[in-house]
Amino acid sequence: MPKPHILQIASYPAHDQTALDAAYTTHRLWLNPDLNQIGPQIQAIATNGGAGVASAVIRACPNLKLIAIYGVGYDAIDLTLCAERHIQITNTPDVLTGDCADLALGMMLSLARQIPAADHHARSGAWTTASFPLQRRVWGTKAGILGMGRIGQDIATRLQGFGIDIAYSARHQKPLPYTYIPDPIDLATHADFLFVTAAATPETHHIINAATLKALGPNGFLINISRAANVDENALLDALETHQIAGAALDVFDAEPHINPRFAALTNALLQPHHASATHETRRAMGQLMRDNLAAYFANRPLITPIT
Ligand code: 8YV
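What you see is a predicted model, and the numbers here were worked out from it, not measured in a lab. (Residues numbered from 1 in each chain as written. Predicted model: local features only at pLDDT ≥ 70, side-chain atom pairs only at ≥ 80, totals over all residues. Heavy atoms only, no water.)

S.K.: Any details on unusual backbone geometry? Residues and values, ideally.
M.R.: Glu-256 connects to Pro-257 through a cis peptide bond whose omega is 10 degrees. Mapped onto the elements, Pro-257 comes out in the loop between strand S11 (247-250) and strand S12 (269-271). For His-206, which is not glycine, the phi torsion reads 55 degrees and is therefore positive. Positionally, His-206 belongs in the loop between strand S9 (193-196) and helix H9 (210-216). With a relative accessible area of 27%, His-206 lands in the partly exposed category. The phi angle at His-274 is positive, at roughly 40 degrees, despite the residue not being glycine. Of note, His-274 is situated in the loop between S12 and helix H11 (280-298). (Helix = DSSP H or I, 4+ residues; strand = E, 2+ residues; numbered from the N terminus. Buried < 20%, exposed > 50% of the residue type's maximum accessible area, 1.4 Å probe, protein only.)

The following block contains the structure:
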């Protein structure tokens, strides 16, 4: 039987690529295949959360039936176009939740206690002439979680171990033992640490903006492990430069992997290369789940994790 043709928007670890190549005729978009020629053969696209799929690519594949995402976010895909074309979408929820929550906690601790700068202080010998400056306490403070889905809830579970008081904003109150504060500005006012975990949608675009940052205030820290579009990056840079907030830890950026050079000068910003789900174990599970979804589609079985 000839192998089905799939188009890859993203590259994957060798283990996943080998498995994909064994099951499919794979075409890599970054090698500039002639879409006029191969487009009609493509039945499925494999991509990741950040890259999504450009609408022009979807249009160039008239027989496309499935987009399988290696990642949880599907904000970089035109859902209306996919609905019109009856293209199904799968992602890889759950398997990456714990890693994202782990990194969020690591970012909180690193930012408040200035762990990277302290490492430099010890390593560089600066410690021989000066003590490292005092930093901010983490345990027993107040956290606000904006977006209380799977990742937000996993962050909350971890924060409880630090004796941190937890409040959250979400579209609806949930049966959770945390304080529901629907208005993001009120949540920011309340929080010492404001975590952004919401999926990027038109409603959450720049939900963190000059007003939210002002409410967070000079003692408040922002941690974003969701999508850059949820934060007005220029307003954040202004707030960091003028110390309107205490600091920010970011795993996502507007023009990533290119970072606005204004960030580089800031000692109150902790910058991470969009790697919240990037552990060997989790990426392996993500690759497996993406391939299981592709296999289910081509075997006419129900998809395992269609987006909801
Ligand atoms: C990954 C992500 O960056 O899940 C998402 O939406 O952004 C990340 O987990 C990505 O999909 C893997 O490259």
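That covers the picture; the talk isn't over yet.
S.K.: Which residues make up the sheet that holds strand S7 (residues 165-169), and what values do they have?
M.R.: The strand order S8-S7-S6-S9-S10-S11-S12 describes an open sheet built from seven strands, whose pairing is parallel. If you trace the sheet from one side to the other, it starts and ends with strand S8 (179-180) and S12, each paired once. Across two bridges, S7 lies against S8 in parallel orientation. Of the residues in S8, the one forming a bridge with Tyr-168 is Tyr-180. Helix-sheet contacts for helix H7 (residues 150-160) involve strand S6 (142-146), S7 and S9, and the interaxial angle to S6 is about 170 degrees. (Pairing = 2+ DSSP bridges. Contact = heavy atoms within 4.5 Å. Axes fitted to C-alpha atoms, helices over the stretch in contact; angles between N-to-C directions.)

S.K.: Hey, could you go over the sheet that holds strand S4 (residues 66-70) for me, with residue numbers and the actual values?
M.R.: Strands sit in the order S2-S1-S3-S4-S5 across an open sheet of five strands; the sheet is parallel. The sheet is open, and its two edges are formed by strand S2 (25-28) and strand S5 (88-90), each paired on a single side. Taken pair by pair, the neighbouring strands of this sheet meet at an average axis angle of 25 degrees, ignoring direction. Summarising the sheet, S4 and S5 pair through three bridges and their orientation is parallel. When the bridges of S5 are listed, Ile-67 appears paired with Ile-89. Docked against the sheet, helix H1 (residues 14-23) engages strand S1 (5-8), S2 and S4, running at close to 125 degrees with respect to S2. Against the sheet, H11 makes contact with S1, strand S3 (42-48), S4 and S5, and its axis sits at roughly 170 degrees relative to S4, the strand it touches most.

S.K.: Which residues make up the domain arrangement of the protein chain, and what are the values?
M.R.: Accessible area lost when the parts come together is the quantity often used to give the size of an interface. In terms of domains, the protein chain is made up of domain 1 (5-95 + 281-298) and domain 2 (97-271). Centre-to-centre separation of domain 1 and domain 2, based on C-alpha positions: 31 Å. The interface of domain 1 with domain 2 comprises eight residues on the first partner and five residues on the second. Ranking the residues of domain 1 by area buried against domain 2 places Asp-75, Asp-94 and Thr-282 at the top, with a combined share of 65%. Counting the contacts that link domain 1 with domain 2 gives two salt bridges. Salt-bridge contacts for Arg-227 lead to Asp-75; the nearest nitrogen and oxygen are separated by 3.0 Å. One can count five residue pairs in polar contact (both at pLDDT 80 or more) joining domain 1 with domain 2. Broken down by class, the residue content of the side of domain 1 that touches domain 2 amounts to two nonpolar, four polar and two charged. (Domains from an automatic or database assignment. Buried area = accessible area lost by both parts, 1.4 Å probe. Salt bridge = Lys/Arg side-chain N within 4 Å of Asp/Glu carboxyl O. Polar contact = N/O pair within 3.5 Å; in protein donor to acceptor, adjacent residues only side chain to side chain. Nonpolar A, V, L, I, M, F, W, Y, C, P; charged D, E, K, R; others polar.)

S.K.: Now, about the packing of aromatic side chains: what can you tell me, with residues and values included?
M.R.: Aromatic ring pairs: the centre-centre distance and the angle between the two ring planes describe each pair. Evaluation of the coordinates by the stated rule reveals six aromatic pairs. Pairing Tyr-12 with Tyr-70 gives two aromatic rings, centres 4.9 Å apart and planes at 70 degrees, and the pair type is edge-to-face. Separated by 58 residues along the polypeptide, Tyr-12 in the loop between S1 and H1 and Tyr-70 in strand S4 bring together distant segments of the chain. Accessibility classification places Tyr-12 together with Tyr-70 in one group, the buried group. A ring pair is formed by Tyr-168 and Tyr-180, whose centres lie 5.2 Å apart and whose planes are at 40 degrees; its orientation type is tilted. Separated by twelve residues along the polypeptide, Tyr-168 in strand S7 and Tyr-180 in strand S8 bring together distant segments of the chain. An aromatic cluster is built from Tyr-24, Tyr-297 and Phe-298, whose rings are joined through pairwise contacts. (Phe/Tyr/Trp six-rings, centres within 6.5 Å; stacked < 30°, edge-to-face > 60°.)

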